[in-house]
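Working through the structure, step by step
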Amino acid sequence: MSNTKVNDFVVRFANVNGTGSASANFLFTKAIFRMGIPVTPKNIFPSNIQGLPTWYEVRVSEKGYLGRREGIDMMVAVNPQSMLNDVKAVKSGGYFLYDSSKKLHDQYIREDIHYIGIPLMTLCNEAYTDARQRQLFKNIVYVGALIALLDIEFKEVEGLLADQFQGKEKLIPSNIKALQLGIDYIHKNFKYPLDIRVERRNLLKDAIMMEGNAACGLGAVYAGATFAAWYPITPSTSVVEGFAEYAAEFRTDKITGKKNVAIVQAEDELAAIGMVIGANWNGARSFTATSGPGLSLMNEFLGLAYFAEIPTVLVDVQRTGPSTGMPTRTQQSDILEAAYASHGDTKHVLVFPSTPKECFELVADSFDLAEQLQTPVIVMIDLDLGMNDHVTPPLVWDDKREYKRGKVLSAADLEKIEKFGRYLDVDNDGITYRTIPGTHASKGSFFTRGTSRDEYAAYTEDSAAYQRNMDRLIKKWNTAKDMVPAPQVYNQKNNSENGILFFGTSQYAAEEAMDILKQEGIAMDAIRLRGFPFNKTVEDFVKSHKKVFVIEQNRDAQMKSLLMIELQADPNKLISVLNYDGMPITADNILKQITKNLSPSSKLN
Amino acid sequence: MSYVKPKFRHPELPKNKLGYTVDYYEGALSTLCAGCGHDSISSAIIQGCYEMNIEPHRLAKLSGIGCSSKTPAYFLSNSHGFNSVHGRMPSVATGANMANRDLIYFGVSGDGDTASIGMGQFVHVIRRNLNMTYIVMNNGCYGLTKGQDSATADEGSKNKTGQVNLFESIDLASLAIELGATFVAQSFSGDKTQLVPLIKAAMKHPGFAFINVISPCVTFNNNLGSTKSYDYVREHVEATATMDFVPQMQEISVSYDKGSQKQVKMHDGSLITLNKLAEEWDPLNRQSAMNAVLNAKSKGEILTGLLYVNPDSKDLHHLIQTSDKPLNSLVKSELCPGADALKEINAGLR
Ligand SMILES: Cc1ncc(C[n+]2csc(CCOP(=O)(O)OP(=O)(O)O)c2C)c(N)n1
Ligand code: SF4
Ligand SMILES: [Mg+2]
């Protein structure tokens, strides 16, 4: 039994926010990553800067399951505030590592778990004189203890410290000393390693570890975005910060210090999206990032961009709503809000990346899409993807790739045409030609407006002209179906009368659940959505299965609604698998909800 | 309805340096009420652009929503225009300007559009010193929604139904000066002689140039007791100075009395010559300009003319160090770090 725990366990760290635990915990995760073992960390943090409990949960999975898993095999408990609940959270037979500088009160004692007491405070008080160091190195001492207990390779940790303190090598020895304190203490007082432990594998090959938000920011740099406007909001802030960092590196003139990029921190989200629309209107690729409350504020402008047909890229890093909700927890609950943002008959193109690699790619694609379709494209990710590190394949870029700027007329093009009509459907695909201000002295100017207009952009209240325009927008919408990222279909041919449908961060847990179902002899087809409007593949998948389990992380089954509205899908065949407690969805949860709904006949054997 | 202006040209109309006659700067036929102050401002804009030899396609005109915000359709039909949403023109202008620093940005707004729904964006566009001209066509009411009081309606002013406004008004000019706007002027739609040079100077100003123009709404706020009516404004207007604007250092002959004259040299060498009428007022001094506006206001007068200018103004592009080349003209080779750089980034993430 003990053998099954090699490279297969969950450790949770219970820390106090703002005490320097984040970098120690990351050191732990990254060392396991460098041993070639699939590992996935999740920050469970408060909306607070200092003082409140914060957790960091690390799942190690030889099988490569990167979703969250219930059941904590080891708790590293260094926060007295949350200790009582932390004790309760440990799986029976699991481990509880705590600071034994003070005796553990009886209320924390359980018969069915193992206690590993390390006098973290005492050790640090003896070894260091500076108060800040005493505090910080407590974290490093427990990492040392974990190195011994879980059999982590010391040289990987050493290597990480060398990387981390490049240029500040003076700081390395004191860190090594703290690690050693932890290791020695375990060596002297406990049996090691434990049954839960790691063993070097070479499973990750050239994978990288990255947060989705940073990947989005980098994607925008590669896509040639030259302008970003934003208003800070968790969990989206690090999208534009990531963009700014990479842009500073790659877009600054070494001699003059001038930049091939402009970034404005706006006064609110209304202004942020307004600026982005203004810049795109004027021919510069630009974008903003926000979360639910910001998306709500952007509604009026999104409607303008839809109706006036101005390319716009927006990254929505979803968090737990409604209202301010749980600002530091994850959810996929802005789907309907984003799809139909703004009054009137308005709908928007959505894309759904599920890994950092896809964040990079789909953000880059979104700039092409937005300009080709001349409409807003909303990149839907969530806090889990945006703010947690994920093991992901390396990012790739093809140098031959050109930016697709869509139907933009140059001065020479304008010379050739008799009369320019901004909203004339010349190609019969619903997508019309635009001009950028300043292009031609006497041809190509037009008035952009949110009011109804005719094919030549002149204001009109003529019903027929209004309706023609609305119908053309739907034609464009239909054109978009085969331009948005295609879904990922797991089986080329249907193997089952039942299917699973999911998107975004549910991918990890959904794939794990599918594996387990398969082991139990329950075959299921599966599809992962990557774009909206839905194309024919999605429609066929829904049509050709008797039951479709729609996995999503919100209360109201928003994706199910969208399928019903846009595909006229039968609500009775769409069975919701929901998770909306603010934590990333787990395979267990999916399995429970699916099996409850399955009749015995769907088992093949 | 869509209106197309009948075009007939006077063969003998004078041409500017670019060879354009003034009608080249016109727009579609106005649909505003006959006598609306906003139309007079449009014609001052047309005149100013003509005199400044502006290539219409190198100017972008932007607005919010309101009768005033409709006017960009009525001037410069060869310019791109953007009629955005209510109160949010400053943000659209900011993005547009960031995309291409080489165009002239001309924003038109109303007092509702600026002083109420758009106050936040107005304040922040000033803070950023965006290089644009921003005109508020100020009629003390919401014309387009049929005459409700706006936040610039003076306390005690009566509207058409006889109701008295109980609230303190927001004075946009002194507010702009206080917020650090680098060019602030005030004028009256009926005073084209003053308005045209102000518009010309504003377009040359390298930063945020604000002109608050009192512009009576003949339909809803031109009644007895209104402080934004033609009659009231004509009676209470007091100019800071008569003014002349000379682009880019030409020889000028001045006929003013030397003692009261002030010249302001702009960044490119253009000259603003002010023949001072107001006492104890220095257009280069923020404090003094604020005092002059507020003093006039306390006497029930409207001080017009150039109120304040900072000739050392540095616009947003200077502040954030954007490249000299317009961002919208940059191509892939200047923007994309490429596959090799990405390999290094990947390596750093292992
Ligand atoms: C979000 C929003 N709220 C309300 C309106 C209705 N509305 C249109 S114009 C206007 C007021 C315009 O007043 P002002 O800016 O002073 O322009 P004026 O018509 O007086 O020139 C209002 C309230 C709107 N268009 N959008
Ligand atoms: S309602 Fe007033 S502001 Fe509007 S067009 Fe008529 S006169 Fe002008
Ligand atoms: Mg008004």
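All right, on to the packing of helix α17 (residues 506–519) of chain A against helix α20 (residues 587–597) of chain A then. Residue and element names in this part refer to chain A. As a packed pair, α17 and α20 sit with axes 8 Å apart at the nearest point and diverge in direction by 55 degrees. On the basis of their axis angle, the class for α17 and α20 is oblique. At the point where α17 passes α20, the crossing takes the right-handed sense. When α17 is examined against α20, the residues Ala509, Ala510, Glu512, Ala513, Ile516 and Leu517 are found in contact with a partner set consisting of Ala587, Ile590, Leu591, Ile594 and Thr595. Here the residues of the contact of α17 with α20 are counted per class, giving 9 nonpolar, 1 polar and 1 charged.

Here the focus is the pairing of strand β13 (residues 302–309) of chain B. Residue and element names in this part refer to chain B. When you tally the buried positions in β13, you get 8 out of 8 residues, the bulk of the element. In terms of strand pairing, strand β7 (residues 183–188) meets β13 through 4 bridges, oriented antiparallel. Directly across from Gln186, in β13, lies its bridge partner Gly305. Direction of pairing for strand β9 (residues 237–239) relative to β13: parallel, over a ladder of 3 bridges. Bridge assignment links Glu238 to a residue of β13, and that residue is Leu303.

As a further point, take the site of ligand 2. Neighbouring ligand 2 are the residues Leu32(B), Cys33(B), Cys36(B), His38(B), Cys67(B), Asn139(B), Gly143(B), Cys217(B), Val218(B), Thr219(B) and Phe220(B). Of the residues in the shell around ligand 2, the class split is 7 nonpolar, 4 polar and no charged.

Bringing the coordination of the magnesium ion (ligand 3) into the picture now. Residues and elements named next belong to chain B. Here the magnesium ion (ligand 3) is held by Asp111 (OD), Asn139 (OD1) and Cys141 (O), and the distances to it run 2.1 to 2.2 Å. As a motif over one chain, the donors of the magnesium ion (ligand 3) read D-x27-N-x1-C. Of the two residues, Asp111 sits in helix α4 (residues 111–115) while Cys141 sits in strand β5 (residues 141–142), which places them 30 residues apart along the sequence. Side by side, Asp111 and Cys141 carry an identical accessibility label, which is buried.

Bringing the pattern of salt bridges into the picture now. Side chains bearing opposite charge may pair, as long as their charged atoms lie close to each other. All names here are of chain A. In total, this model carries 45 salt bridges over all chains according to the counting rule given. For Glu455, the salt bridge is made with Arg468, and the minimal N-O distance between the two is 2.7 Å. Of this pair, Glu455 sits in the loop between β16 (447–449) and α16 (463–480) while Arg468 is found in helix α16, placing the two residues 13 residues apart along the sequence. Look at Arg468 and you get partly exposed, because its relative accessible area is 42%. Taken together, the shared-partner salt bridges in this structure form one network comprising Arg285, Asp365, Asp368, Glu371, Arg401, Arg405 and Arg434.

All names here are of chain A. A cis geometry characterises the amide bond from Tyr192 onward to Pro193, with omega recorded as -15 degrees. Looking at where Pro193 falls in the secondary structure, it is placed in the loop between α6 (172–189) and β7 (208–211). Backbone torsion omega between Thr234 and Pro235 reads 0 degrees, so that peptide bond is classified as cis. Position of Pro235 relative to the elements: it lies in the loop between β8 (227–230) and α8 (237–250). Phi is positive for Asp151, close to 65 degrees, though the residue is something other than glycine. Under the relative-accessibility criterion, Asp151 is labelled partly exposed at 37%. Its identity as a non-glycine residue notwithstanding, Ala557 has a phi of 55 degrees, on the positive side. Relative to the assigned elements, Ala557 resides in the loop between β21 (547–552) and α19 (558–567).

The subject of this paragraph is the domain arrangement of chain A. All names here are of chain A. Domains assigned within chain A are domain 1 (8–189), domain 2 (210–392) and domain 3 (488–598). Put simply, the middle of domain 1 and the middle of domain 3, counted by C-alpha atoms, are 36 Å apart. Between domain 1 and domain 3, the contact holds 10 residues from the first and 9 residues from the second. With both chains or domains summed, domain 1 and domain 3 bury close to 870 Å², and 58% of this area falls on carbon and sulfur atoms. At the boundary of domain 1 with domain 3, the tally comes to 1 salt bridge. Considered class by class, the residues forming the side of domain 1 that touches domain 3 number 3 nonpolar, 1 polar and 6 charged.

It is worth spelling out the environment of Pro14(B) at this point. Tracing the backbone through its elements, the reader meets Pro14(B) in the segment before α1 (37–51). Setting aside residues up to four positions removed in sequence, Pro14(B) forms contacts with Tyr20(B), Thr21(B), Val22(B) and Tyr50(B).

This brings us to the environment of Arg422(A). Residues and elements named next belong to chain A. Looking at where Arg422 falls in the secondary structure, it is placed in the loop between α15 (411–416) and β16. The buried category is assigned to Arg422, whose relative accessible area is 2%. Distance from Arg422 to Asp454, taken between C-alpha atoms, is 9.0 Å for residues 32 residues apart in sequence. In this view, Arg422 contacts Ala308, Glu309, Gln374, Thr432, Tyr433, Arg434, Phe446, Glu455, Tyr456 and Ala457; residues no more than four positions away in its chain are not counted.

A few words now on the packing of aromatic side chains. According to the stated counting rule, one finds 29 aromatic pairs over all chains in the structure shown. Across from the ring centre of Tyr456(A), 4.1 Å away, lies the NZ or CZ of Lys419(A), which sits over that ring.

A word on the site of ligand 1. Lining the immediate environment of ligand 1, one finds 18 residues, of which Ser68(B), Asp111(B), Gly112(B), Asp113(B) and Gly143(B) sit closest. Ligand 1 sits at the junction of chains A and B, each of which supplies nearby residues. Against a free-state accessible area of 590 Å², the protein chains account for coverage of 77% of ligand 1. Mapped by element, the contributors of at least two residues to the shell around ligand 1 are α2 (67–70), α4 and β5 of chain B. With 3 residues, α4(B) is the largest single contributor of residues to the shell around ligand 1.

On to a negative patch on the surface, then. A cluster of like negative charges, contributed by Glu241(A), Glu245(A), Glu249(A) and Glu344(B), occupies part of the molecular surface. The greatest single-element share of the negative patch, amounting to 3 residues, is contributed by α8(A). Summarising the element assignment, Glu344(B) is placed in helix α12 (residues 338–348).

Moving on, we get to the interface of chain B and chain A. Between chain B and chain A, the residue contacts involve 57 residues of the former and 73 residues of the latter. Regarding the contact of chain B and chain A, the summed buried area is about 5,200 Å², with carbon and sulfur atoms giving 59% of it. When residues of chain B are sorted by the area they lose upon contact with chain A, His80(B), Lys332(B) and Arg350(B) head the list and together hold 15% of the total. When the shortest N-O distance is used, the salt bridge between Arg128(B) and Glu267(A) registers 2.7 Å. Our count for the chain B to chain A interface comes out at 30 residue pairs in polar contact (both at pLDDT 80 or more). Of all the elements in the fold, those that place two or more residues in the side of chain B that touches chain A are β1 (59–63), β2 (80–83), α3 (89–99), α5 (119–127), α10 (316–320), α11 (332–335) and α12 of chain B.

As a further point, take the side chain of Arg329(A). All names here are of chain A. Within the secondary structure, Arg329 is located in strand β12 (residues 326–330). Of the side chains bearing the opposite charge, Asp581 lies closest to the buried Arg329, which forms no salt bridge; the N-O distance is 8.2 Å. In this view, Arg329 contacts Ile44, Phe45, Pro46, Arg319, Thr320, Leu383 and Gly582; residues no more than four positions away in its chain are not counted.

Turning our attention to the state of the cysteines. In total, this model carries 0 disulfides over all chains according to the counting rule given. Cys336(B) forms no disulfide, and the closest cysteine sulfur to it belongs to Cys216(A), at a distance of 16 Å. We classify Cys336(B) as buried; its relative accessible area is 13%.

So, how was this worked out
Residues numbered from 1 in each chain as written. Chains lettered and ligands numbered in written order. Predicted model: local features only at pLDDT ≥ 70, side-chain atom pairs only at ≥ 80, totals over all residues. Heavy atoms only, no water. Axes fitted to C-alpha atoms, helices over the stretch in contact; angles between N-to-C directions. Helix = DSSP H or I, 4+ residues; strand = E, 2+ residues; numbered from the N terminus. Parallel < 35°, antiparallel > 145°, perpendicular 65-115°, else oblique. Left-handed = near helix turned anticlockwise from the far one by under 90°. Contact = heavy atoms within 4.5 Å. Nonpolar A, V, L, I, M, F, W, Y, C, P; charged D, E, K, R; others polar. Buried < 20%, exposed > 50% of the residue type's maximum accessible area, 1.4 Å probe, protein only. Pairing = 2+ DSSP bridges. Near = heavy atom within 4 Å. Donors = N, O, S within 2.8 Å, 3.2 Å for Na, K, Ca; no water. Salt bridge = Lys/Arg side-chain N within 4 Å of Asp/Glu carboxyl O. Domains from an automatic or database assignment. Buried area = accessible area lost by both parts, 1.4 Å probe. Phe/Tyr/Trp six-rings, centres within 6.5 Å; stacked < 30°, edge-to-face > 60°. Lys NZ or Arg CZ within 6 Å of the ring centre and 35° of its normal. Areas by Shrake-Rupley, 256 points an atom, 1.4 Å probe, with all protein chains shown as cover. Patch = residues over 30% accessible without salt bridge, like charges linked within 9 Å, V, L, I, M, F, W, Y side chains within 5 Å. Lys, Arg positive; Asp, Glu negative; His and termini not counted. Charge placed at Lys NZ, Arg CZ, Asp CG, Glu CD. Polar contact = N/O pair within 3.5 Å; in protein donor to acceptor, adjacent residues only side chain to side chain. Disulfide = S-S within 2.5 Å.

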